Amino acid sequence: MSEHETVPLSATPRKNIEETAETKFPRGLVVRLFAYLVAGHVFAGFLYLLFAVGGK
């Protein structure tokens with residue numbers, strides 16, 4: 001090989017579709033999403049409780 005030749009792209013191993021960045025969410029995003037969902041439901045439950053008790 002001369003110094004200007006490159007290795008063909010097919011020589012590099014392809015990753016599985018599950019390992020690519022397009023199919024995985026960053027871990028921090030998943031943790032934040034879960035925390036926001038839990039906090040949102042707790043807040044909604046608290047508001048429901050306030051209106052249920054206040055309506056009686």
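Everything quoted here is computed from the prediction, not taken from an experiment. (Residues numbered from 1 in each chain as written. Predicted model: local features only at pLDDT ≥ 70, side-chain atom pairs only at ≥ 80, totals over all residues. Heavy atoms only, no water.)

## Here we look at the overall build of the chain
Then, in step 1: The number of helices and strands found in the chain is 1 helix and 0 strands.
Then, in step 2: Expressed as a percentage of its 56 residues, the buried residues of the chain come to 2%.
Then, in step 3: Surface exposure of the chain reaches about 5900 Å², of which carbon and sulfur atoms provide 68%. (Helix = DSSP H or I, 4+ residues; strand = E, 2+ residues; numbered from the N terminus. Buried < 20%, exposed > 50% of the residue type's maximum accessible area, 1.4 Å probe, protein only. Areas by Shrake-Rupley, 256 points an atom, 1.4 Å probe, with all protein chains shown as cover.)

## A short note on a nonpolar patch on the surface
Then, in step 1: Together, Phe 43, Phe 46, Leu 47, Leu 50 and Phe 51 line one region of the surface with nonpolar side chains, adding up to about 550 Å² of accessible area.
Then, in step 2: Locating Phe 46 in the fold gives a position in helix α1 (residues 27–54).
Then, in step 3: For Phe 46, a relative accessible area of 46% gives the class partly exposed. (Patch = residues over 30% accessible without salt bridge, like charges linked within 9 Å, V, L, I, M, F, W, Y side chains within 5 Å. Salt bridge = Lys/Arg side-chain N within 4 Å of Asp/Glu carboxyl O.)

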